[in-house]
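Structure assessment
As a plain string of letters, each chain reads:
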Amino acid sequence: MEALAVRLSQLDTHVEGAIRVVMFYDTLMRRRVDLPALARASAGLAQCTAGIRLHGTGRAIRMAPDGREAPAPGPLPSPGTTPITLDDEEIGEVWLERPGTPLPLDDVLLDRLALAAAAVVERYGPARTTMADPALVELAVSSETDEAARARALRLLGFAAGLPVRVVAVRSQLPLDRIGVLLCPARPVKAAPVGDVGVILATTVDRSRFPDGVRAGIGAAERPDRSWQQARIALRFTGSRRPVVDHDSLGALALLAQVPPDVMRNNPDVAMIARLAASGDDVETLDAYCATGSLRRAADLLHLHHSSVARRLEQIGKVLGFELTGPSGLVRAGLALMAWRLLDD
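Residues take numbers from 1 onward in each chain, read along the sequence in its written order. Local features in this predicted model are restricted to residues whose pLDDT is 70 or higher, and side-chain atom pairs enter the listing and the counts only when it is 80 or higher, whereas totals over whole chains, interfaces and linings include all residues. Just so you know, side-chain values use all the structure's heavy atoms and leave hydrogens and water out.

**Some details on the overall build of the protein**
Scanning the protein for helices and strands turns up 15 helices and nine strands. For the radius of gyration, the atom set is restricted to C-alpha positions; the globular benchmark scales as 2.2 Å times the number of residues to the power 0.38. By the compact-globule yardstick of 20 Å for 345 residues, the protein is too spread out, its C-alpha radius of gyration being 28 Å. With respect to the three principal axes, the spread of C-alpha positions in the protein is 95 × 45 × 25 Å. Categorising residues by exposure relies on relative accessible area from a 1.4 Å probe, with only protein chains included: less than 20% of the type maximum marks a residue as buried, more than 50% marks it as exposed, and the intermediate range marks it as partly exposed. Per-residue burial for the protein yields a buried fraction of 43% across its 345 residues. Between two residues, a contact is recorded if the distance between any of their heavy atoms is within 4.5 Å. A separation threshold of at least 6 residues defines the contact pool for the protein, and within that pool the share at least 24 residues apart is 61%. Here the protein displays about 18,100 Å² of accessible surface, and carbon together with sulfur accounts for 52% of that area. Each helix is a run of H or I in the DSSP string that is no shorter than four residues. Each strand is a run of E no shorter than two, and both are numbered from the N terminus. For the area figures, the Shrake-Rupley method with a 1.4 Å probe applies, and any residue is considered shielded solely by the protein chains shown.

So this is what it looks like as structure tokens:
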């Protein structure tokens, strides 16, 4: 804005026209236009083709003065391009395709178009930078943050007021920004580590796009702080067979996360599962059986003959001290296995 003010002061007789250009773009931003609408309005104002390109997408938006998409390929921008800058990073460029000599106000128009494009990207994405300031992310998800401070943190992170914000808790060796872009490729998404857990804030989450090697819990509450609590609980229920867990899918099982660790650790069933795991016995077989509820389906999952699985379960049942193949035994073993996983987390 300081650079723009300097430029306006040097325009002399063109100051009035420059102010009108500024007011034109201020009005567009109050109307919360998107990038195509911004390019269309700019082309109408300049009476020549206007273009916007984001480095992150590589796609050019080119609009003709009549409001239609400009035919491709277009000529090279005669006055050159003006960079779009967000958080001190060049994320794209804007230009006018005016035949002949640029008009006196073209530079002012391009400055305002670049500023407006940066504001649109910050509000709606996709921004080129996904990694965010961990302090801002922590403010957004902390239960101790007041609502005014939370709203400001979300705004600084690029989430406009009224946009839904989903919260995901992640454990992975993959970079958080890579995971975030996969989950929400075309709308605002920010990521940062908070403690030993990665946090992803996104307006939408496509759970089918989680890459291999990621364990993630997805919160469902409308408030980011409550959604973050849910996401951390869901993360604790993840495992090799179920690497991504929605909190909503847990139902009453989420209550297990509220049981004090000492209470779970001292439960005989949970203690026996811990001993089985420590001694190298076949907890994987028990896991497959609890997940499927069937000898044959567990055998298919383990790529074993069902008789082999039956023998293993019989031996595990002797160690645990109860019959696994009955309905009550299946529920009892499943709960003990889940509690042990929560302790392991």
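**A few points about the side chain of Thr238**
Counting through the fold element by element, Thr238 comes out in the loop between α8 (224-236) and β9 (244-246). Residue classification places Thr238 among the buried residues on the basis of a relative accessible area of 7%. Residues adjacent in sequence count toward polar contacts only when both atoms are side-chain atoms; beyond that, a polar contact is any pair of N or O atoms within 3.5 Å, and within protein one must be able to donate a hydrogen and the other to accept it. Of the polar contacts made by the side chain of Thr238, one reaches the backbone oxygen of Leu235; its length is 2.7 Å. Thr238 has contacts with Arg215, Ala216, Pro243, Val244, Val245 and Arg341, leaving out every residue within four places of it along the chain.

**Regarding the confidence of the model for the protein**
Confidence per residue, as judged by the predictor, is encoded in pLDDT with a range of 0 to 100. When pLDDT is averaged across the protein, the result is 85; 90% of the residues are at 70 or more. Put simply, helix α1 (residues 2-9) is where the protein has its lowest mean pLDDT, 53, and strand β8 (residues 214-218) is where it has its highest, 97.

**Regarding helix α6 (residues 147-157)**
Of all the positions in α6, only Arg150, Ala153, Leu154 and Leu157 are classed as buried. Buried residues in α6, looked at end-on, bunch into an arc of 95°, giving them a common side. Turned more than 90 degrees away from the buried face of α6 sit Ala148 and Arg155, all of them exposed. Taken together, the buried residues of α6 touch α5 (134-141), β6 (189-194), β7 (197-202) and α8. Between the side-chain oxygen of the N-cap and the backbone nitrogen of Ala148 there are 3.1 Å, and the N-cap of α6 in question is Asp146. For this quantity, the arc is that covered by the directions from the helix axis to the C-beta atoms.

**Thoughts on the pattern of salt bridges**
When a carboxyl oxygen of Asp or Glu lies within 4 Å of a side-chain nitrogen of Lys or Arg, that pair is called a salt bridge. This structure, assessed with the given rule, holds 15 salt bridges. A salt bridge links Arg112 to Asp26; the nearest nitrogen and oxygen atoms lie 2.8 Å apart. Of this pair, Arg112 sits in helix α4 (residues 106-124) while Asp26 sits in helix α2 (residues 15-30); the two residues are 86 residues apart in sequence, bridging distant segments of the chain. With a relative accessible area of 8%, Arg112 lands in the buried category. Under the relative-accessibility criterion, Asp26 is labelled partly exposed at 31%. With a closest N to O distance of 3.1 Å, Glu147 and Arg150 form a salt bridge. Separated by three residues within a single helix, Glu147 and Arg150 lie in helix α6, roughly one turn from each other. On the basis of relative accessible area, Glu147 is assigned to the partly exposed category, the value being 43%. Ionic contacts of the salt-bridge type, sharing partners, join the residues Glu147, Arg150, Arg223 and Asp225 into one network.

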